[in-house]
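An overview of the molecular structure
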Amino acid sequence: MERESMEFDVVIVGGGPAGLSAAIRVRQLAEERGEDVSVCVLEKGSEIGAHILSGAVIDPKALDELIPDWRDSDCPLRQKVTSNHHWFLSETGKTEIPHALLPPLMSNKGCYTGSLGNLTRWLAERAEALGVEVYPGFAVAEVLYNDDGSVKGVATGDMGVARDGSKKDGYEPGVELHGKYTLFAEGVRGSSSKQLIERFDLRAGRQPQTYGIGLKELWDAPDGQHDPGRVIHSQGWPLKGVAGGGFIYHQDNGQIAIGFVVALDYENPYLSPYDEFQRFKDHPAIRPMLEGGRRVAYGARAINEGGWQSVPKLSFPGGALIGCSAGFVNVPRIKGTHNAMKTAMLAGEAAVDAVLAGRANDALDAYQGAYEKSWVHKELKRVRNVRPALDKFGIVGGTLYAGTDMWLQSLGLGWLLGWTFGNPKDHEKTAKAKDYQPIDYPKYDGVVTFDKLSSVYLSNTYHEEDQPCHLTLKDDSVPIRINWEQYAAPEQRYCPAGVYEIVEAETGGGGLRLQINAQNCVHCKTCDIKDPTQNINWVVPEGGGGPNYPNM
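It should be emphasised that the depicted structure is a prediction, and the values quoted were computed from it without experimental measurement. (Residues numbered from 1 in each chain as written. Predicted model: local features only at pLDDT ≥ 70, side-chain atom pairs only at ≥ 80, totals over all residues. Heavy atoms only, no water.)

The sheet built from three strands is open, its strands ordered S3-S7-S4 with antiparallel pairing. Strands with a single pairing partner mark the edges of an open sheet, and in this sheet they are strand S3 (57–58) and strand S4 (79–80). Across two bridges, the pairing between S4 and strand S7 (residues 112–113) is antiparallel. Bridge pairing links Lys 80 to Tyr 112 in S7. (Pairing = 2+ DSSP bridges. Helix = DSSP H or I, 4+ residues; strand = E, 2+ residues; numbered from the N terminus.)

Next up on the list: the sheet that holds strand S6 (residues 94–96). Read across the sheet, seven strands follow the order S6-S5-S15-S16-S17-S14-S18 without closing on themselves; strand pairing throughout is mixed. On the outer flanks of this sheet lie S6 and strand S18 (294–304), each paired with one strand and no other. Adjacent strand axes in the sheet meet at a mean angle of 20°, parallel and antiparallel pairs treated alike. Summarising the sheet, strand S16 (residues 244–250) and strand S17 (residues 255–263) pair through seven bridges and their orientation is antiparallel. By the bridge assignment for S17, Gly 244 is matched with Val 262. (Axes fitted to C-alpha atoms, helices over the stretch in contact; angles between N-to-C directions.)

It is worth spelling out the pattern of salt bridges at this point. Counted according to the given criterion, the structure contains 29 salt bridges. Measuring nitrogen to oxygen at the nearest pair gives 2.9 Å for the salt bridge that ties Asp 265 to Arg 387. Of this pair, Asp 265 sits in the loop between S17 and helix H5 (273–281) while Arg 387 sits in helix H10 (residues 386–410), and the two are 122 residues apart along the sequence. Given the relative accessible area of 9%, Asp 265 is considered buried. Counted as one network, the salt bridges with shared partners bring together Asp 282, Arg 287, Glu 291 and Asp 445. (Salt bridge = Lys/Arg side-chain N within 4 Å of Asp/Glu carboxyl O. Buried < 20%, exposed > 50% of the residue type's maximum accessible area, 1.4 Å probe, protein only.)

Read these as layout, nothing more, since geometry by itself doesn't imply function.
Written as structure tokens, this is what we have:
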């Protein structure tokens, strides 16, 4: 059965804030110029917003440019940040850093806190009103190329394929979507974007991308514990010698978004980001905010942390990387949505200019140039050494350096800091198990702290079980021969969803084997990043599979 094909001027892979911002900008410019530029958005989640997870405190700078009247509309982003707090935690106490001492570059003035998923759903409505074709439930499984090597478009995955590769009743082949330009907005560690970066050598002359894992829960706040617009960030306990920290955002509708970020360059293979998050919630300054409330949602997602020096070349023949597919997170601000949206808008503008000039499938070099002249580039360059300093000087020394660096930048003395620190590869930082002792994490109490499987339940994750496993292994022997023997199988701990287990083998003379519970996967991509041998390769499952995050 042959695949059907559809033709568009611009194909966008990913229906998050970046992909939708690009689509909106394309249609806005086309209308302004009296032209028709066709654009479609493909989203692997079951609906727009299903796979979107963020804190989120959002700088509206890009949204102001894209849709200037959004505040006067039905946009769900309503809760302004009213107070900003930064805590250093010990095991039993906290020290609040006076706001006046924090570098202005970390300010949340004028920002909003709310659900990025709901904002994304609203953006999709605006895009469709402009004539964008939005297709949720379509997972892009293949990049298509022209004979000259340029990107031709993409193909969605086949539906109705059994675990053994056979075709089930109701089998439907994927669909090809051809575009004059294809923009990749898959988010962090996108499977197609990863291939494109390698194929076109887009990291040449750049530093490796580094990552964190962010875990988040949404709570209905207990009586007397909700302070709308209050924003808290923390450093210190429970982490020791590892970059990361917590966030607590008091959002509208009486809800608190609480989460924890762990940098994935940690060394101890026994560390469990999920359990560090659970310990964080049990801190005496934090537990009262939750106790008596109700946990209503859970999720996890990898986060780009490499910064300015890790942004790859953005354009290639036939397409471009936008948003978190490239990585524009401002780590000290813990924000990336505004930068993702702005870069997407720049790519959309470059694509419209090219299409209306009669071009197709060449490189959008104008996008690269526009980024380098944009406020995104300026913002990221100013904080480029903040995150790498933690790796270079340690947590205490790096924090002191970062504060000094940001204050000098804020005072217009950034010219004194002309150097740029490098980044490690996260998986290469993982140490051997023999050099560490297992961590004795507290038992879950079922009140404030919970086990992984009950958390996955709250993510509304679903995958058709009879389909090929989307968590593929390059070598089936590595999980036991190397990961278990040398690293104590860290995939059991860095995965926040209980996907990986070491169990007794039923055949082959006994022994151990790696069991992959792919149906639990929340699409965080941590395994693709942190596996010490890079043996795990995350590919897309059937379209519509994965989490279905509400209000996240």
